[in-house]
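The residues making up each chain are set out below.
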Amino acid sequence: MTAILEARALGKRYGRKVALSDCTLSVPSGRVVGLVGPNGAGKSTLLQLACGLIGPTSGSIEVLGGRPASGPGQLAKVGFVAQDTPTYAGLSIADHLRLGARLNPGWDAQLAEERIRQLGLDPAQKAGKLSGGQRAQVALTLAVAKRPELLILDEPVAALDPLARREFLQSLMEVVAEHGTTVVLSSHLVSDLERVCDHLISLVASRVQLSGDVDDLLATHFRLTTARREAATLPQGMRVVLETHTERQSTFIVRSDKAVQDPSWVLEPLNLEDLVLTYMSQATAGSGHRPTRENQR
Ligand SMILES: Nc1ncnc2c1ncn2[C@@H]1O[C@H](COP(=O)(O)OP(=O)(O)OP(=O)(O)O)[C@@H](O)[C@H]1O
């Protein structure tokens with residue numbers, strides 16, 4: 001499977017502030033990728049590097065085999081909707097579509113007009129008079145109608161109510177199904193990501209903690225509960241991501257490629273939210289949890 005986004009030791013600093021550090025990633029094409037992480041983790045930085053709005057301080061990033069924003073051909077292949085879903089307040093929706101047509105060689109006017117009609121929006125309406133959800137839909141329409149191979153969305157649903165969120169994600173999935181677009185979207189709302197994403201990247205404190213296809217990640221992570229024991233006594237090859245202990249009982253979140261079988265253990269699968277929160281709390285300093293370790297026995 002070809003990688004649509006390839007980052008090698010990618011880093012970004014703002015003065016002394018490290019926004020992204022040693023990020024090595026490979027995102028396969030045709031996926032809907034969820035980018036998660038706490039505030040300030042570096043999500044917007046990674047997305048802005050991917051669409052070429054900013055350049056790296058170290059390492060490299062390639063998108064669709066080229067340097068981001070390195071020329072008109074490269075720009076045409078990537079659609080980007082920034083966190084604040086920017087539109088021109090004084091321009092109407094129709095003006096925005098005309099602008100899109102002038103700026104993008106592959107513009108699909110029919111797709112754009114059809115989406116606006118389906119959304120029940122009046123093309124004559126000024127963008128400044130739209131609700132946050134409607135503005136997000138217009139911004140998505142502009143990004144989609146340029147027919148990109150990769151669509152990058154920075155917290156596209158943050159300002160939307162639950163119904164608008166569902167409608168937005170539904171229309172996003174229709175675009176993906178119809179055009180086979182690869183999507184990378186960041187969000188704090190893991191339940192939304194659970195519905196739409198098949199690939200996950202978790203960033204914490206400017207570093208990638210976890211990345212992979214969701215099905216593979218869920219198939220290899222478990223919650224393991226046993227009578228109290230030390231992590232070092234677990235079988236070889238079992239990576240302890242997080243451990244907590246009471247006087248009598250130990251609970252481990254483990255990563256293991258092999259089947260885990262012991263009748264004295266209670267083994268439970270994780271859902272996506274468990275997985276995301278586990279890696280976030282594992283990486284958060286002062287969480288009281290012990291750090292990740294690989295069982296060496
Ligand atoms: N232009 C900038 N100048 C200085 N520091 C910056 C700049 N942009 C981002 N940073 C810093 O880089 C770090 C990563 O920021 P970034 O916006 O990528 O995080 P994020 O994961 O998108 O956060 P959030 O979830 O809050 O949107 C933060 O500590 C932020 O303060």
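Because the structure is a prediction, the values reported are computed rather than measured.

**Structural notes on the sheet that holds strand 1 (residues 3-14)**
Taken in spatial order, the three strands of this open sheet run 2-1-4, and their pairing is antiparallel. The sheet terminates laterally at strand 2 (17-28) and strand 4 (58-63), the two strands that pair on one side only. This sheet shows a mean twist of 20 degrees between the axes of neighbouring strands, independent of strand direction. Sheet topology note: the strand 1/strand 4 ladder contains five bridges and is antiparallel.

**Observations regarding the UniProt feature "domain: ABC transporter" (unreviewed entry) in the protein**
In the numbering adopted here, UniProt assigns the feature "domain: ABC transporter" (unreviewed entry) to residues 5-230. Between the C-alpha atoms that bound residues 5-230 the distance is 40 Å, and the span itself is 35% helix and 30% strand.

**Regarding the sheet that holds strand 8 (residues 199-204)**
Strand pairing in a sheet takes place through backbone hydrogen bonds and is either antiparallel or parallel in direction. Pairing is mixed across the open sheet formed by six strands, whose spatial order is 5-6-7-3-8-9. Edge positions in the sheet fall to strand 5 (78-81) and strand 9 (207-213), since each of these pairs with one other strand and no more. Strand after strand, the sheet turns through a mean of 15 degrees between neighbouring axes, direction not considered. As judged from the six bridges shared by strand 8 and strand 9, these two strands associate in the antiparallel manner. Each residue of the ladder has a partner; that of isoleucine 201, found in strand 9, is serine 211. Packing of helix 5 (residues 132-145) onto the sheet brings it into contact with strand 5 and strand 6 (150-154), and relative to strand 5 it is tilted by some 170 degrees.

**Some remarks on helix 6 (residues 162-179)**
Side chains of residues three or four places apart in an α-helix project in the same direction, reflecting 3.6 residues per turn. Across its 18 residues, helix 6 extends 26 Å between first and last C-alpha, which sits within 8% of the 26 Å expected from 1.5 Å per residue. Turning to helix 6, its buried residues are Arg165, Phe168, Leu169, Leu172 and Val175. Seen end-on, helix 6 carries its buried residues on one side only, within an arc spanning 110 degrees. Turned more than 90 degrees from where helix 6 packs its buried face, Leu163, Gln170, Ala177 and Glu178 sit exposed. Buried positions along helix 6 lie against helix 5, strand 7 (182-186) and helix 7 (190-196). Looking at the residues trailing helix 6, positive phi occurs at glycine 180, about 65 degrees.

**Topic: the packing of helix 3 (residues 93-103) against helix 5**
The geometry of helix 3 relative to helix 5 is characterised by a closest axis approach of 10 Å and an angle of 20 degrees between their N-to-C directions. The orientation of helix 3 relative to helix 5 falls into the category roughly parallel. Crossing of helix 3 over helix 5 shows right-handed handedness. Counted together, Ile93, His96 and Gly100 of helix 3 and Val138, Leu142 and Ala145 of helix 5 form the full contact between these two elements. Taken together, the residues that form the contact of helix 3 with helix 5 break down as four nonpolar, two polar and no charged.

The rules behind the values
Residues numbered from 1 in each chain as written. Predicted model: local features only at pLDDT ≥ 70, side-chain atom pairs only at ≥ 80, totals over all residues. Pairing = 2+ DSSP bridges. Helix = DSSP H or I, 4+ residues; strand = E, 2+ residues; numbered from the N terminus. Axes fitted to C-alpha atoms, helices over the stretch in contact; angles between N-to-C directions. UniProt positions renumbered as here; feature names shortened; annotations may be inferred. Contact = placed C-beta atoms within 7 Å. Expected span 1.5 Å × (residues − 1). Buried ≥ 20, exposed ≤ 12 C-beta atoms within 10 Å, placed from the backbone. Arc of directions from axis to C-beta. Parallel < 35°, antiparallel > 145°, perpendicular 65-115°, else oblique. Left-handed = near helix turned anticlockwise from the far one by under 90°. Nonpolar A, V, L, I, M, F, W, Y, C, P; charged D, E, K, R; others polar.

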